[in-house]
Amino acid sequence: MVDALHEAQRILVDRGVFVDARPDSRVSARVRAKTARGRVIGTIGSQRPTKTDDQLSDKAIRQVLRQKLFSSRRRGRLWHAIPFEDAAELNDYLRDHLRFSKRVRWLMPNARKIAPLYVERAVRFELLEKRLVPPGLAS
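Residues numbered from 1 in each chain as written. Predicted model: local features only at pLDDT ≥ 70, side-chain atom pairs only at ≥ 80, totals over all residues. Heavy atoms only, no water.

**Q** Is there a simple way to explain the confidence of the model for the protein in this structure?
**A** A low pLDDT means the predicted coordinates there should not be read in detail. Mean pLDDT over the protein: 90, with 94% of residues reaching 70 or higher. Ranking the elements of the protein by mean pLDDT puts helix 1 (residues 2–11) last with 88 and strand 4 (residues 70–84) first with 96. (pLDDT = per-residue confidence, 0-100. Helix = DSSP H or I, 4+ residues; strand = E, 2+ residues; numbered from the N terminus.)

**Q** I would appreciate a short explanation of the packing of helix 1 against helix 2 (residues 48–66) in the present structure.
**A** A packed helix pair is summarised by two numbers, namely the angle formed by the two axes and the spacing between the axes. As a packed pair, helix 1 and helix 2 sit with axes 9 Å apart at the nearest point and diverge in direction by 40°. Between helix 1 and helix 2, the angle is such that the two are oblique. When you trace helix 1 past helix 2, the crossing you get is right-handed. When helix 1 is examined against helix 2, the residues V2, L5 and H6 are found in contact with a partner set consisting of A60, I61, Q63 and V64. (Axes fitted to C-alpha atoms, helices over the stretch in contact; angles between N-to-C directions. Parallel < 35°, antiparallel > 145°, perpendicular 65-115°, else oblique. Left-handed = near helix turned anticlockwise from the far one by under 90°. Contact = heavy atoms within 4.5 Å.)

**Q** Looking at this structure, I do not really get the layout of surface pockets. What am I missing?
**A** Once rolled over the atoms, a probe with the size of a water molecule shows which space is left empty. As a volume, the largest pocket reaches approximately 280 Å³. Along the walls of the largest pocket sit D20, R22, R26, D58, I61, R62, L65, R75, G76, R124, F125 and E126, which together make up its complete lining. Those elements that provide at least two residues to the lining of the largest pocket are strand 1 (17–23), helix 2, strand 4 and strand 6 (117–130). (1 Å grid on protein atoms, 1.4 Å probe; cavity = no way out; pocket = protein on both sides within 12 Å on 5 of 7 lines; lining within 4 Å. Points joined across faces, edges and corners; volume = space filled by probe spheres on them.)

**Q** I would appreciate a short explanation of helix 2 in the present structure.
**A** The α-helix winds at 3.6 residues per turn, so residues separated by three or four positions along the chain end up facing the same way. Over its 19 residues, helix 2 runs 27 Å from end to end, which matches the ideal 27 Å to within 8%, given 1.5 Å per residue. All buried positions along helix 2 are accounted for by T50, D54, S57, D58, A60, I61 and V64. For helix 2, the angular spread of buried residues about the axis comes to 155°, placing them on one side. Seen from the buried face of helix 2, the exposed residues on the opposite side, beyond 90 degrees, are R48, P49, Q55, L56 and R66. Directly beyond the C-terminal end of helix 2, a positive phi value near 60° is found at K68. (Expected span 1.5 Å × (residues − 1). Buried < 20%, exposed > 50% of the residue type's maximum accessible area, 1.4 Å probe, protein only. Arc of directions from axis to C-beta.)

Below, the structure written as structure tokens:
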């Protein structure tokens, strides 16, 4: 990822903005019943390799900030919901997913898993602004 960030810095104009946005493996996804804001009835964690990849990406961001290639303008977390007709459709989705663990940790008995279901997933973001390059130092 460091190489990608260096390339982004190279092609951006001075004060151009690069948005780093990726799923947040530090927070479990929440399974909600009935609506995207309904009651939380389960959670889904991330697979271990995903967490390692995210830690390496975080390290790459810290490195380019330390090198003063970018300055951080804003960072945070947003949530988005993915709808599923029922638990069977959710399980099919998880079976092929590369980031999520393969199983839901249900917090409710089967009778309370009211369809439709929504997976509310965290996305971390950071707005990185290319720092001004003083004249004479441009590559």
